Amino acid sequence: MTATAPTTAPAQATEEIQDAGHVDVLIVGAGVSGIGAAYHLRDQFPDRTFVILDAQNDRGGTWSTHRYPGVRSDSDLFTYGYRFKPWRGPSIAAGEEILAYLDEVIDEYGLDQYICYQHQVTAASWSTGDRRWTVEVTRGDTGQRLRFTTGFLWMCQGYYNHAKPYRPEWDGMDRFQGLVVHPQRWPEDLDLADKRVVVIGSGATAATLIPAIAEKAQHVTMLQRSPTYFYAPPTTHELAVMLGPLDLPDEWMHEIMRRQHIMQYHWLARTSFEAPDELHAFLIESMRPLLPEGFDIDRHFTPRYRPWQQRIAVVPDGDLFAALREGKASVVTDTIETFTEHGIKVSSGEEIPADIVVTATGFNLSVFGDVAFTVDGEPVDFTQHLTWRGVMISGLPNMAYTFGYFRHSWTLRVDLVSDLVGRLLTNMQDKGATMVVPTLRPQDKDMQLRPFSDPENFNAGYVMRSQHIMFKQGDREPWTHMLEHDEEREILPKADLDDGTLAYR
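Predicted model only: the values in this text are computed from it and were never measured.

Caption draft 1: Inspection of empty space enclosed by the protein at higher detail. Under the counting rule described, the total for this entry stands at 2 cavities of 30 Å³ or more. Taken as a whole, the largest cavity holds about 180 Å³ of empty space. Lining the largest cavity we find 18 residues, and of these Gly404, Tyr405, Phe406, Met482 and Leu483 sit closest to its centre. The class makeup of the residues in the lining of the largest cavity is 9 nonpolar, 5 polar and 4 charged.

Caption draft 2: Spotlight on the sheet that holds strand S16 (residues 351–353). Across the sheet, which stays open at both edges, the 3 strands sit in the order S14-S15-S16 with antiparallel pairing between neighbours. Every other strand in the sheet has two partners, leaving strand S14 (336–340) and S16 as the edge strands with one partner each. The average angle at which neighbouring strand axes cross in this sheet is 25 degrees, direction not considered. Of the pairings in the sheet, the one linking strand S15 (residues 343–346) to S16 comprises 3 bridges and is antiparallel in character. Paired with isoleucine 344 across the two strands is isoleucine 352, which belongs to S16.

Caption draft 3: Spotlight on the packing of aromatic side chains. For the structure shown, the criterion picks out 39 aromatic pairs. Taking 5.5 Å as the distance between ring centres and 85 degrees as the angle between the ring planes, the aromatic pair formed by tyrosine 229 and tyrosine 305 counts as edge-to-face. Pair noted here: tyrosine 229 is in the loop between strand S10 (219–224) and strand S11 (230–231) and tyrosine 305 is in the loop between helix H9 (297–300) and strand S12 (313–314), with a separation of 76 residues, a long-range link. The class for tyrosine 305 is buried, based on a relative accessible area of 13%. A centroid spacing of 6.2 Å and a plane angle of 65 degrees characterise the contact between phenylalanine 368 and phenylalanine 373, whose relative ring orientation is edge-to-face. Each member of the pair, phenylalanine 368 as well as phenylalanine 373, carries the same accessibility label: buried.

Caption draft 4: Spatial organisation of unusual backbone geometry. Along the chain, glutamate 477 connects to proline 478 via a cis peptide bond; the corresponding omega equals 0 degrees. Tracing the backbone through its elements, the reader meets proline 478 in the loop between helix H12 (461–464) and helix H13 (485–491). At phenylalanine 368, a position not held by glycine, the phi torsion is positive, near 50 degrees. Tracing the sequence through the fold places phenylalanine 368 in the loop between strand S17 (356–359) and strand S18 (372–375). The exposure class assigned to phenylalanine 368 is buried, which follows from its relative accessible area of 4%. Its identity as a non-glycine residue notwithstanding, methionine 482 has a phi of 60 degrees, on the positive side. As for its position among the elements, methionine 482 is in the loop between H12 and H13.

About the criteria used
- Residues numbered from 1 in each chain as written.
- Predicted model: local features only at pLDDT ≥ 70, side-chain atom pairs only at ≥ 80, totals over all residues.
- Heavy atoms only, no water.
- 1 Å grid on protein atoms, 1.4 Å probe; cavity = no way out; pocket = protein on both sides within 12 Å on 5 of 7 lines; lining within 4 Å.
- Points joined across faces, edges and corners; volume = space filled by probe spheres on them.
- Nonpolar A, V, L, I, M, F, W, Y, C, P; charged D, E, K, R; others polar.
- Pairing = 2+ DSSP bridges.
- Helix = DSSP H or I, 4+ residues; strand = E, 2+ residues; numbered from the N terminus.
- Axes fitted to C-alpha atoms, helices over the stretch in contact; angles between N-to-C directions.
- Phe/Tyr/Trp six-rings, centres within 6.5 Å; stacked < 30°, edge-to-face > 60°.
- Buried < 20%, exposed > 50% of the residue type's maximum accessible area, 1.4 Å probe, protein only.

Spelled out as structure tokens, the structure:
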């Protein structure tokens, strides 16, 4: 029978709800988005009260829950780091290094006093009469239920479900005699020595996990249904190597490298639309010399989609390809027919032996942390609402959210969104308004509604299988999102907050 990694059952909640007080701004999430939002809020509005609530027992969000071997960034840290906090280190960093960086931000700016861990937000109710949100929370450590109130709610909880990773159910899993593990629930005591490991999936998680475990395992097989684009930059950018002997101040080095990486991201994103064949050839040919001689690159590393319709998996210094060259890892491109007692049988008839199967199959999107929202007593069905610039939701008063980029570093947008929210709060203050709500203008009422993500733009599996639960976008500004960073760094700082799409009261 299949064994799975154990999970910890949450504490049982009690019935009584205790008042936890009122704050000007309530931030949900103490990951990269929430910490960034808190810094900007404190910097721009030092007199306002706020609190950060996080369901986890530690900071970091993704970097706290993802503890599998080799976990690292798939964006460079000069842009993944905040613009206000210089990154010191290699371009690609391990999860522990990123957590250490976040710890520095929390310590340097005194944010630890505002963070409440193991505070799971379960409901948020807006009252127009009271001009406030009432937020219900369950503590994970005690089961205690709390009630916060706030004048402005800022959702920074990320975009996927930490508690329920995506793992398909395959035929025969119940008879597999080995261990099945999802990277999001990696057992700390898992012994890989001399084990045959099959990693199902070929995205960023597989690309980081396989090189890390190949040294210990007897052999690792990457089993993929279809190929992914890979890119193998050096861990330390060549420009950083050139600048190193100059002994530049950290701030200068950070800004130079940040601009260099932003320029590269812009080129990749632009080329993916304007010259996809050129980018395809560049990515494929950059892999070819790193693979074993005679490797079937057409079958195993030539995707069927346009570059950047899904994320490009980064393999620093080509470590994944090194594992393939050394014979420590291999690739099988096929579909799973069934699990067997001692492995996985694929459609070709081949049986891949396995002692451990790692389901690096991705995650599920979560709509604002699956919090139950109501506005004046009416439940909110987000599928019937539109985004406003990827920052607010139509019909929801005094609520902003932070959602990063798919093709650029997430944190580039954290800074831009924080600037816009700051301008919005200032505009409310100047108008003497206690309420702001994105509202469709008469000319917007009949516009075409579009899905959360246009498949022609970005069609990663975790996005496509969640379209039905996500909010929509329109066919015109400001009711669209998922613009590229080179567009938004011009648009968002100049966004008109008095164009009639925001109703102030």
